[in-house]
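Each chain, letter by letter, is given below.
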Amino acid sequence: MFGAKERTATGIHLVDNTLWIVQIAGVEEVTELHALVQHALSGSGRLDGAGGTEELTQALLQVQQDRGLSFENSVMALPQEAFMLKSRPLVVAGEKANREHLLWEAKQVLAGDPNAYSIDFALTRHSGFVVAAHRHVLDLYLDVCNRGGIKNPDFDIPPFALYNAMEVADLLADEQDILALDIESLGACAILVRGGEMAGVASCSWDEDVEVSSRISDLEECLGMLLKEGDEGARPERMLIAGTAAIEGHWSVELAENLGLSGALMDPFRGIDISPLAAADASLLPSRSKFAISAGLAFRGLFL
């Protein structure tokens, strides 16, 4: 009766035809990893038709039933095509004025009616980030979550989840400049962190028939441009790599070397108690970098 109440949070990321799910719990100052789920879908699960909507709904219900998990406090990632994310230097004084300026800039580049988007902002000391998510996609995901046993879900985007994962895992403590990359089979997102804060974002995507060598070339060009953003004379020395394709050598080793950086796989569970994991879940820990986005989503649900 008088003990501290346990609070749980779940991060859900659909990518590469698979649900990647992380559930964590916090009691006082201890954070525990309670579940890791890698659940493959027979189709893509993308919400571009009735089939994908129903498949994702059933997959969410099945995971909860099979694993005995509760998704009461859940955060789900939106797919890259569902939102626009832009970073801009802060040019005016005051939070309200900066938000108004970012809103104006967003409306200049949005396709169609600005009211068709849900627009939000994130401000750091030097940069402003504007996110515009398609309302119809949010409505689709909300419907799937409600029918899939997830009440009052929250949504976030992979770049912000990647930053959350780094922050909670204490990967920003030294405030070194870092390039962080989350890569999947058909795309990637990256964030540039300077002085412990997000300073830039970038993303790219490919069709299935694009050769790996071309994907690497495109990504190198994309990251090269990101490294120039907000350059204050210091080039990052490290690149942290996460995502479902992160353990493939041409991404984790060769890419970092080609950019002149020291590359390492991200450990999103650094400093977190993993002992509560069941043996089957613990077998997924060697691939923990694949769960970075899901971990960042769960951290948001628990701490933010």
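Here the structure is a predicted model, which means the values were calculated and not measured.

Conventions adopted
- Residues numbered from 1 in each chain as written.
- Predicted model: local features only at pLDDT ≥ 70, side-chain atom pairs only at ≥ 80, totals over all residues.
- Heavy atoms only, no water.
- Salt bridge = Lys/Arg side-chain N within 4 Å of Asp/Glu carboxyl O.
- Helix = DSSP H or I, 4+ residues; strand = E, 2+ residues; numbered from the N terminus.
- Axes fitted to C-alpha atoms, helices over the stretch in contact; angles between N-to-C directions.
- Parallel < 35°, antiparallel > 145°, perpendicular 65-115°, else oblique.
- Contact = heavy atoms within 4.5 Å.
- Nonpolar A, V, L, I, M, F, W, Y, C, P; charged D, E, K, R; others polar.
- Disulfide = S-S within 2.5 Å.
- Buried < 20%, exposed > 50% of the residue type's maximum accessible area, 1.4 Å probe, protein only.
- Phe/Tyr/Trp six-rings, centres within 6.5 Å; stacked < 30°, edge-to-face > 60°.
- Expected span 1.5 Å × (residues − 1).
- Pairing = 2+ DSSP bridges.

Caption draft 1: Representation of the pattern of salt bridges. The full count for this structure, using the stated rule, is 10 salt bridges. We note a salt bridge from E197 to R125, for which the minimum N-O separation is 3.2 Å. On the criterion of sequence distance, the pair formed by E197 in strand β11 (residues 197-205) and R125 in the loop between β6 (117-123) and β7 (127-134) is long-range, its members being 72 residues apart. Measuring nitrogen to oxygen at the nearest pair gives 3.0 Å for the salt bridge that ties R194 to D177.

Caption draft 2: Here's a closer look at the packing of helix α4 (residues 158-168) against helix α8 (residues 292-303). It is the contact of α4 with α8, at a shortest axis distance of 7 Å, that shows an interaxial angle of 75 degrees. When the axes of α4 and α8 are compared, the pair comes out roughly perpendicular. Along its contact with α4, which presents P158, A161, L162, N164, A165 and V168, the element α8 presents A292, I293, G296, L297, F299, R300 and F303. Classifying every residue of the contact of α4 with α8 gives 10 nonpolar, two polar and one charged.

Caption draft 3: Local environment of the state of the cysteines. The tally for this structure, following the rule as stated, stands at zero disulfides. Cysteine C189 remains unbridged, with the sulfur of C204 as its closest cysteine sulfur at 9.4 Å. On the basis of relative accessibility, which here comes to 7%, the residue C189 falls in the buried class.

Caption draft 4: Spatial organisation of the packing of aromatic side chains. Applying the stated criterion across every chain yields a total of four aromatic pairs. Relative to F155, the ring of Y141 lies with its centre 6.3 Å away and its plane at 75 degrees, an arrangement referred to as edge-to-face. With Y141 in helix α3 (residues 135-147) and F155 in strand β8 (residues 154-156), the pair connects residues that are 14 residues apart, well separated along the chain. Note on accessibility: Y141 and F155 belong to one class, buried.

Caption draft 5: Representation of α8 within the structure. Over its 12 residues, α8 extends 16 Å from the first C-alpha to the last, a length consistent with the 16 Å expected when each residue adds 1.5 Å. Of all 12 residues making up α8, 10 are buried, and the element is well covered by its neighbours. When we look at burial in α8, the residues that qualify are A292, I293, S294, A295, G296, L297, A298, F299, G301 and L302.

Caption draft 6: Spotlight on the pairing of β7. For β7, a buried count of seven out of eight residues is recorded, marking the element as mostly surrounded by other parts of the structure. Examined bridge by bridge, strand β5 (residues 83-89) and β7 share seven bridges and lie antiparallel to one another. Looking at the pairing, K86 lines up with V130 of β7. Bridge analysis of β6 against β7 gives seven bridges, and the strand direction is antiparallel. In the strand pairing of β7, S118 is matched with A133. In this antiparallel pair of consecutive strands, β6 and β7, the connection spans three residues.

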